[in-house]
Amino acid sequence: MLIAGNWKMYKGPAEAAVFCRALRDAGLPEDVDVVVCPPYVSLEAAVQALAGTEIGVFAQSCHWEAEGAFTGEVSAAMLHEVGAYGTLVAHSERRQWFGETDESAAARVRTALAEGLDVIACVGETLAEREAGETEAVLRRQVGVLEHDDNLVIAYEPVWAIGTGKTATPAMAQEAHETIKSLLDVPVLYGGSVKPENAAELLAQPAVDGALVGGASLDVDSFAAICRAAVTS
Ligand code: 13P
């Protein structure tokens, strides 16, 4: 089981350090892989605060070129240099607000893996796509550009469940995860309003290999509770 906390645009370096020190003292279960994904500027603070622990630090994206004139972007080698262990790629907010496409996502994934970073690549349908019966076609398109890699994990995040308090039912998650796994044999995390109250039943689904948590990962107690729910699932 892998539980990853995507902080999005929350927590600068000082707050990240305080959070990570509390997380290392939170008594997280040993047999659950735990990852935090701070904003770029807080990566180093998180890496330092979590040094000597098993908790991994991931970025939230990285560029597909090694270096160049790409204002505002960060390379995989730079992430490596500050001690990041991996990165998210193609979160739906990157697709929605920053022009991420299936092709740019695939390029970022390839480069990050080649640099030796672990990757959590995000996929998922919008509400309109689900209501139009297009969920499977969308997942086939988004997953179809990716290739198997031992260090690649996919996060299924139905866009309509992100930050809305609406969660996919365990059966919906199971069905989408089965589709993804039929395309690519990699671990699949569920994301979208995962909370301590619903984590256990989602994680109990056989095709759910962990969770990518947004809002509930910003609080040490709720994030630790989700990590503990992963043990019993
Ligand atoms: P919430 O858990 O806040 O719905 O966010 C999910 C998400 O986008 C994680 O990447």
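Everything quoted here is computed from the prediction, not taken from an experiment.

**Focus: the nonpolar core**
(1) Moving on: Judged by nonpolar contacts, the single largest core of 64 residues is most densely connected at I3 and Y190.
(2) Moving on: Looking at this core, the element that brings in the most residues is helix α10 (residues 220-232), giving seven residues.
(3) Moving on: Among residues more than four places away in sequence, those in contact with Y190 are Y156, P158, A161, T167, A168, A173, H177, L202, V208, G210, A211 and L212.
(4) Moving on: Listed in part, the twelve residues of the second largest apolar core include V35, C37, F58 and A155.

**Notes on the site of the ligand**
(1) Moving on: Near the ligand you find 13 residues, and of these K8, H91, G163, S193 and G215 are the closest.
(2) Moving on: Here an oxygen atom of the ligand sits 2.8 Å away from a polar atom, N or O, in the side chain of K8.

**A word on α10**
(1) Moving on: With 13 residues, α10 ought to run about 18 Å at 1.5 Å a step, and its terminal C-alpha atoms sit 19 Å apart, in line with that.
(2) Moving on: Burial in α10 covers these residues: V220, S222, F223, A224, I226, C227, A229 and A230.
(3) Moving on: Where α10 is buried, its residues touch β1 (2-6), α1 (13-24), β2 (33-37), α9 (196-203) and β8 (210-213).
(4) Moving on: Measuring from the backbone nitrogen of D221 back to the side-chain oxygen at the start of α10 gives 3.2 Å, which picks out D219 as the cap.

**Considering the pairing of strand β4 (residues 86-89)**
(1) Moving on: With burial as the criterion, each face of β4 is covered, one bearing G86 and L88 and the other bearing T87 and V89.
(2) Moving on: Of the strand pairs in this sheet, strand β3 (residues 56-59) and β4 are connected by two bridges, and their pairing is parallel. Paired with F58 across the two strands is G86, which belongs to β4.
(3) Moving on: In this region the chain leaves β3, passes through helix α3 (residues 76-81) and returns to the parallel neighbour β4; the handedness of that crossover is right-handed.
(4) Moving on: By the bridge criterion, four bridges tie β4 to strand β5 (residues 118-123) in an arrangement that is parallel.

**A look at the sheet that holds β3**
(1) Moving on: Reading around the circumference, β1-β2-β3-β4-β5-β6-β7-β8 is the order of the eight strands in this closed barrel, with parallel pairing throughout. When the angles between neighbouring strand axes are averaged without regard to direction, this sheet yields 25°.

Reading guide: rules and limits
- Residues numbered from 1 in each chain as written.
- Predicted model: local features only at pLDDT ≥ 70, side-chain atom pairs only at ≥ 80, totals over all residues.
- Heavy atoms only, no water.
- Core = buried A, V, L, I, M, F, W, Y, C linked by side-chain atoms within 4.5 Å.
- Buried < 20%, exposed > 50% of the residue type's maximum accessible area, 1.4 Å probe, protein only.
- Helix = DSSP H or I, 4+ residues; strand = E, 2+ residues; numbered from the N terminus.
- Contact = heavy atoms within 4.5 Å.
- Near = heavy atom within 4 Å.
- Polar contact = N/O pair within 3.5 Å; in protein donor to acceptor, adjacent residues only side chain to side chain.
- Expected span 1.5 Å × (residues − 1).
- Pairing = 2+ DSSP bridges.
- Right-handed = clockwise from strand over helix to strand, strands pointing away.
- Axes fitted to C-alpha atoms, helices over the stretch in contact; angles between N-to-C directions.

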